[in-house]
Amino acid sequence: MINIVLVEPEIPQNTGNIVRTGAATGSVVHLVRPLGFDTGDKMLKRAGLDYWKDCEIRYWDSFGELQEANPDGEFYYFSTKAKQSHCRPQYGKNVFLVFGKETKGLPEKLIHDNYRNAVRIPMVADTRSLNLSNSVAIAVYEVLRQRDFDGMNTVGQLREFDDC
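Since the model is a prediction, treat every value here as computed from it, not as a measurement.

Considerations on the packing of helix α1 (residues 12-25) against helix α5 (residues 132-146)
Here comes step 1: Two numbers describe how α1 lies on α5: the axes approach to 8 Å, and their chain directions differ by 15°. Here α1 lies roughly parallel to α5, going by the angle between them. For the crossing formed where α1 meets α5, the hand is right-handed. The segment α1 lies against α5, with Asn14, Asn17, Ile18, Thr21 and Thr25 engaging Leu132, Ser133, Val136, Ala137, Val140, Tyr141 and Leu144.
Here comes step 2: Residues belonging to the contact of α1 with α5 are distributed by class as follows: seven nonpolar, five polar and no charged.

Printed below as a string of structure tokens:
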């Protein structure tokens, strides 16, 4: 299972796009409040198109609540402040890919307290960050690549892409 965790997302279009990625990959999307929008927001629905109904979405009042409910979860924290590439970990079966809000990312204390599982998506120097929905897609597809795209509709062999 791939779990996509958005901690206090602010931009409805990003969340809509992430829900679409969740639907296309069979991932569960977890939304940690407070949200910067109403889930009935027209922009959110437009970005997610008709995929909203095809994705399992869970709501949480805090990140701690989500962690307590998933004690066996393997949590990875995506941040531009991490040093380890997102391709290094060997993602397990019950992985939670955790992303922060668009304007601030994850809280620094959360990254510090979980530094061993903090990862970053490589970028050229002096780039502030990637778009949140793009980052989520990159992370989810890295997990799928490591799993040899098991359960996905693929054409031909993908073994030539084993190295990240």
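Examining the environment of Met152
Here comes step 1: Position of Met152 among the secondary structure elements: in the segment after α5.
Here comes step 2: Among the residues examined, Met152 registers a relative accessible area of 23% and is labelled partly exposed.
Here comes step 3: Sequence separation between Met152 and Gly26 is 126 residues; the distance between their C-alpha atoms is 9.1 Å.
Here comes step 4: Dropping the residues within four chain positions of it, Met152 is found in contact with Ala24, Thr25, Tyr141 and Leu144.

Conventions used here
- Residues numbered from 1 in each chain as written.
- Predicted model: local features only at pLDDT ≥ 70, side-chain atom pairs only at ≥ 80, totals over all residues.
- Heavy atoms only, no water.
- Axes fitted to C-alpha atoms, helices over the stretch in contact; angles between N-to-C directions.
- Helix = DSSP H or I, 4+ residues; strand = E, 2+ residues; numbered from the N terminus.
- Parallel < 35°, antiparallel > 145°, perpendicular 65-115°, else oblique.
- Left-handed = near helix turned anticlockwise from the far one by under 90°.
- Contact = heavy atoms within 4.5 Å.
- Nonpolar A, V, L, I, M, F, W, Y, C, P; charged D, E, K, R; others polar.
- Buried < 20%, exposed > 50% of the residue type's maximum accessible area, 1.4 Å probe, protein only.

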